[in-house]
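# Breakdown of the fold
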Amino acid sequence: MQDANSHLPIAIIGAGPIGLSAAVNLLASGLEPITFESGEQVGEHLARWGHVRMFSPWSYNVDPVAAEWLTPTGWQAPRADAFPTGAELLADYLQPLAALPEIASRLHTATRVTHVSRLQHDVLRSNGREEAPFVLRVSGPDGERDVLARAVIDASGTFQCPNGIGAHGIPALGELAAAERIAYGVPDITGKARDDYAGKTVLVVGGGHSAFNALQDLVSLAEQNPDTRILWGVRSATLHNVIRSPKDDELQERRALEVRIQQWLEDGRFEVVTNLAIEAIHPQGEQGARLVVESGSQRLPAVDRIIAATGFRPDLALLSELRVSLDPATQSPARLAPLIDPNQHSCGSVPEHGAAELTHAEPGLYILGIKSYGRAPTFLMRTGYRQVKSVVAALLDPDAVIPAPVCGATRSTANQASRQCEPSCG
Ligand SMILES: Cc1cc2nc3c(=O)[nH]c(=O)nc-3n(C[C@H](O)[C@H](O)[C@H](O)COP(=O)(O)OP(=O)(O)OC[C@H]3O[C@@H](n4cnc5c(N)ncnc54)[C@H](O)[C@@H]3O)c2cc1C
């Protein structure tokens, strides 16, 4: 950290669970945060999947330092072993946290960070780079302005960038034109979006827990509207690994969902399409009201709607003038990648990690929270709170950085075995 900039605040991009955790931890350490949130309110992404019940209990979802700050205000900690919905997490934790005067006075909602750079340094220019403060271009109710910062914590999440359903990682032919009939992410099937799905033929694409959630809601809908027909498309050749969490999984709700899906699969509640590789989507019928998916030589039955539960990717454009050190496959910080790469790990444990794995060739820049996992689908909020703790310690004292432990297979360095591993969420 350069001394000449020590009077400047540490900028936080995004007031989700991890951005607000960063704010309170910085304050608790005597550092000065300034937080920007693009949504009208904090936790904008949580609000969008507010209807979903989480796998992780409250004890995983509250940052301990935030709880310490909230308790004197009369805040009642929710029952540690209960499972909140996204909306409950927002109302019972994130909003009270954001309302603390110390945080609220340093929080700018409805303010999007559109670019980050170094003062008078584009990405190419090296001379004097490390001494130059960061510049954040922010766009809010009063228009655009530039804000200087001594360090930047990007906790802007990935929910705004859902993956498409095309086989090649790019949109399938016709996908963009069919967007009105494709729901990306986690639609509120039994609530607000009910009319879009009740009595309709729906294709769910994806093999992870978001797909399981959508399938569960569709089964419930089909019980009331028997005309609802559910197709489930996965890229794999078989569906033998629906129950992938261990019996003694710490996240028992996750395993319970897997068991339910497996049972419904055996009961024939879904029409399963394996080896799905969507190359094209063709409109059919009046005003293209139905969609026909082309996968290799196969054409699926026409559907009314598609749910794309195919994960999310980080928005990297924001950081394009900075020297960001990302793994080319996972798009997570390069040193974190071997710990979380889904090519090497199934949904299991993720080693505790911190500032050492989260640094870039650009000193003072940290990508934290779910965005730090890039395209890897295994992030848990509790992991993010630990990232924050480590990064705040590094911002206070760069010599305090401790290398990560390794759980399981891929890397082995000394001093790791005793450090804790934790479950991850798929
Ligand atoms: C359906 C679903 C279920 C999940 N269940 C669990 C679970 O059970 N347990 C768990 O731990 N995790 C779960 N997750 C993962 C969960 O999303 C994360 O753990 C958590 O929300 C990550 O917090 P975050 O602060 O990193 O990112 P986010 O919650 O995504 O917050 C990012 C914030 O940044 C803001 N933002 C984005 N771009 C900008 C910008 N340019 N400028 C300013 N602000 C910006 C956004 O509006 C948002 O408020 C689930 C996710 C989904 C989708």
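Refer to the structure above for everything that follows.
In what follows, the accompanying structure is described. Bear in mind that the values here come from a model prediction, so they are computed numbers and not experimental data. (Residues numbered from 1 in each chain as written. Predicted model: local features only at pLDDT ≥ 70, side-chain atom pairs only at ≥ 80, totals over all residues. Heavy atoms only, no water.)

### Topic: the site of the ligand
So the rule is basically this: The nearness test applies per residue and asks whether one of its heavy atoms lies within 4 Å of the molecule or strand. Counting of polar contacts relies on pairs of N or O atoms within 3.5 Å, with two restrictions inside protein: one atom must be capable of donating a hydrogen and the other of accepting it, and residues adjacent in sequence are counted only when both atoms are side-chain atoms. Strands are runs of DSSP state E lasting at least two residues, helices are runs of H or I lasting at least four, and both sets are numbered from the N terminus onward. Residue polarity is assigned by list, with Asp, Glu, Lys and Arg as charged and Ala, Val, Leu, Ile, Met, Phe, Trp, Tyr, Cys and Pro as nonpolar; anything else, Gly included, falls into the polar class.
As a structural note, the neighbourhood of the ligand is formed by 30 residues, with E37, H45, F55, S56 and M381 the closest of them. The separation between an oxygen atom of the ligand and a polar main-chain atom of I18 is 3.0 Å. Contact distances for the ligand include 3.5 Å between a nitrogen atom and a side-chain N or O atom of Q160. Going through the elements one at a time, helix 1 (17–28), helix 2 (44–48) and strand 4 (112–118) are the ones with two or more residues in the shell around the ligand. It is helix 2 that contributes the most residues to the shell around the ligand, three residues altogether. Split by residue class, the shell around the ligand holds 16 nonpolar, eleven polar and three charged.

### Here's the deal with the packing of helix 8 (residues 209–224) against helix 9 (residues 252–266)
Inclusion rule: Axis definition: a line fit to C-alpha positions, over the contact stretch in the case of helices; interaxial angles, taken between N-to-C directions, run 0 to 180 degrees. When describing relative orientation, an angle under 35 degrees is termed roughly parallel and one over 145 degrees roughly antiparallel, while 65 to 115 degrees is termed roughly perpendicular and anything else oblique. Here a crossing is called left-handed whenever its near helix is offset anticlockwise from the far helix by less than a right angle, and right-handed whenever the offset is clockwise. The contact criterion used is simple: two residues touch if any of their non-hydrogen atoms lie within 4.5 Å.
Following both chains from N to C, one finds helix 8 and helix 9 inclined at 55°, their axes separated by 10 Å at the closest point. In terms of orientation, helix 8 lies oblique with respect to helix 9. Where helix 8 crosses over helix 9, the two elements pack in a sense that is left-handed. Packed against helix 8, whose contacting residues are H209, F212, N213, L215, Q216 and V219, the element helix 9 presents R254, L257, E258, R260, I261 and W264 at the interface. In terms of residue class, the contact of helix 8 with helix 9 is built from six nonpolar, three polar and three charged.

### A look at unusual backbone geometry
The phi dihedral of A110 falls on the positive side, at around 55°, and the residue is not glycine. With a phi angle near 60°, Q331 is a residue other than glycine that sits in the positive phi range. For Q331, the position within the fold is in the loop between strand 15 (305–308) and helix 10 (337–340).

### Some thoughts on the packing of helix 1 against helix 5 (residues 86–99)
Interhelical geometry of helix 1 versus helix 5 gives an angle of 35° and a closest axis separation of 10 Å. The way helix 1 lies across helix 5 gives a crossing that is left-handed. Residue-level inspection shows P17, L20 and V24 of helix 1 in contact with helix 5, the latter providing L89, L94, L97 and A98. In terms of residue class, the contact of helix 1 with helix 5 is built from seven nonpolar, no polar and no charged.

### Describing the side chain of R305
For the record, the criterion: A simple rule labels every residue: compare its accessible area, found with a 1.4 Å probe on the protein chains alone, to the largest value its type can have, and call it buried under 20%, exposed over 50%, or partly exposed in between. Asp and Glu are treated as the negative residues and Lys and Arg as the positive ones, with His and the ends of the chain left uncounted. By definition here, a salt bridge exists when the distance from a side-chain nitrogen of Lys or Arg to a carboxyl oxygen of Asp or Glu is within 4 Å.
With respect to the element layout, R305 can be found in strand 15. For the buried R305, no salt bridge exists, and the shortest N-O distance to an oppositely charged side chain is 4.2 Å, to D196.

Purely geometric stuff here, so don't read any function into it on its own.
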